[in-house]
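Structural description and commentary
Given next are the chains, with one letter for each unit.
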Amino acid sequence: ILWGHYKNEILWQFQHLALGLDVIGNPAKLLNSFQTGAKDLVIKSREGIVEGYVGSGIALGIKSFLGHVVGGSADSAVRSTGSLSSVLLLATDIEYQRQHRHMRQTTDNAVTNRFKLALKSFRKGMMHGATDIFIKPVTGAANEGFEGFFKGLGRGTVSILVKPTLGVVDLAMYTMEGIRSAVDDDITLQTIRRPRLVHVDKVLTPYNNHEAEGHYILQHLSEPLQNETYIAHEWLPTEKPNDDPLVLMVTSKQLLQLHKTHKQYRVECSASLDTVTAEAATYKDNENPDAKHHGLFLKGDFNKKTQEFVLKMEDKQQVKTMQDKINEACKRY
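The structure reproduced in this document is the subject of the present report. Please read these numbers as outputs of a predicted model, since none were measured by experiment.

Rules behind the numbers
- Residues numbered from 1 in each chain as written.
- Predicted model: local features only at pLDDT ≥ 70, side-chain atom pairs only at ≥ 80, totals over all residues.
- Heavy atoms only, no water.
- Helix = DSSP H or I, 4+ residues; strand = E, 2+ residues; numbered from the N terminus.
- Buried < 20%, exposed > 50% of the residue type's maximum accessible area, 1.4 Å probe, protein only.
- Contact = heavy atoms within 4.5 Å.
- Areas by Shrake-Rupley, 256 points an atom, 1.4 Å probe, with all protein chains shown as cover.
- Pairing = 2+ DSSP bridges.
- Axes fitted to C-alpha atoms, helices over the stretch in contact; angles between N-to-C directions.
- Phe/Tyr/Trp six-rings, centres within 6.5 Å; stacked < 30°, edge-to-face > 60°.

Across its full length, the chain carries seven helices and seven strands. Helices and strands in the chain line up, N terminus first, as α-α-α-α-α-α-β-β-β-β-β-β-β-α. Counting all 333 residues of the chain, 32% fall into the buried class. Looking at the chain alone, contacts between residues at least 24 apart form 52% of all its contacts between residues at least 6 apart. With an accessible surface of roughly 21000 Å², the chain has 58% of that area assigned to carbon and sulfur atoms.

As for its position among the elements, Ile 160 is in helix α5 (residues 111–183). Spatially, the C-alpha atom of Ile 160 lies 6.9 Å from that of Asp 132, the residues being 28 residues apart in sequence. Filtering out sequence-adjacent residues up to four positions away, Ile 160 remains in contact with Gly 129 and Ile 133.

On to unusual backbone geometry, then. In this model, Lys 202 sits at a positive phi of 65 degrees, which is unusual for a non-glycine residue. Structurally, Lys 202 can be placed in the loop between α5 and α6 (209–219). A relative accessible area of 66% means that Lys 202 is categorised as exposed.

Read across the sheet, four strands follow the order β1-β2-β3-β4 without closing on themselves; strand pairing throughout is antiparallel. The two strands at the open ends of the sheet, each matched to only one other strand, are β1 (230–236) and β4 (265–272). Across the sheet, the axes of successive neighbouring strands diverge by a mean angle of 20 degrees, strand direction being ignored. Helix-sheet contacts for α6 involve β1, β2 (246–251), β3 (254–260) and β4, and the interaxial angle to β1 is about 95 degrees. On the sheet, helix α7 (residues 316–332) packs against β1, β2 and β3 and is oriented at approximately 150 degrees with respect to β1.

Turning our eyes to something else, we now look at the sheet that holds strand β5 (residues 277–283). In space, the three strands of this open sheet follow the order β5-β6-β7, with antiparallel pairing throughout. One side of each edge strand has no neighbouring strand; the edge strands of this open sheet are β5 and β7 (305–312). When the angles between neighbouring strand axes are averaged without regard to direction, this sheet yields 25 degrees. As judged from the eight bridges shared by strand β6 (residues 293–302) and β7, these two strands associate in the antiparallel manner. Across the sheet, Gly 295 pairs through a bridge with Lys 312, a residue of β7. With respect to the sheet, α7 is in contact with β5 and β6, its orientation differing from that of β6 by roughly 25 degrees.

Attention shifts here to the packing of aromatic side chains. Within this structure, the stated rule accounts for four aromatic pairs. Centre to centre, the rings of Trp 235 and Tyr 265 are 6.5 Å apart; their planes meet at 55 degrees, and the pair counts as tilted. Pair noted here: Trp 235 is in strand β1 and Tyr 265 is in strand β4, with a separation of 30 residues, a long-range link. A relative accessible area of 26% places Trp 235 in the partly exposed class. Judged by relative accessible area, which is 5%, Tyr 265 ranks as buried. Plain terms: the ring middles of Phe 302 and Phe 309 are 5.2 Å apart, the flat faces sit at 55 degrees to each other, and that makes the pair tilted.

Next comes the structure, spelled out in structure tokens:
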């Protein structure tokens, strides 16, 4: 009797585990969604009949049923295609993986944006797959000679098979995500604060909103940076109130001036830390000669050209903070 109990329990748990796998679309969750929709159809229709609003009660029941059927089916498709997409992505080169993840992370869950992302990912997969068969061998030959040519030819052959397939899978996945978002009546949870910045030493410190903001900005650049960590940043004053915001940022490798666009940040100019010097400065403007303004005197190879200029900042403390952070980063990195 005891063995029979444990055998039945093992089989029951195995069934739940197998039917809960995302790679096959999580049939258990899909079935649960269907059951919820059917239950709502009966309950809301019955409530409408009892309370005297038959038409609206039946309409609410049908809406919930269709929403759970369509939304559950779309969610199942997202899970299965998402698993396949992750496997295919591993067969691509590191740079393509980075671009793919960045493209996904910087797109919100709005229905129209999901459909746009589906088309963009499909187009990108097709284009890269068609061109890599030519580009990879040439790049390999330029870097490693004859041996590099054949390595590149192999990578290009894999790319022409994998990337278009990945584009098709992403087209299906993001389209299903858009459908799921359109029919999903559940409350969408929004984060109250940005993710915490974890420093290089991995020591957990009290949450710092300014650091979290800087880390978020670095992660949402229009052209992502590789192997760079956030050090410090400050917002810069603009000439007019309606001008797009500017940010001065220090990373482990560069000093960046960023220009904020709709949802991303674009690098306007940059200089490697080993070429940068920073000093506090005061200056006068033509409109008010008697007033002194605080700024940061910068000198370095900005955009591969040696330049020096004074960057206007809000106050003396802001200047000192950035001066110290830049000089500290120059010494440390």
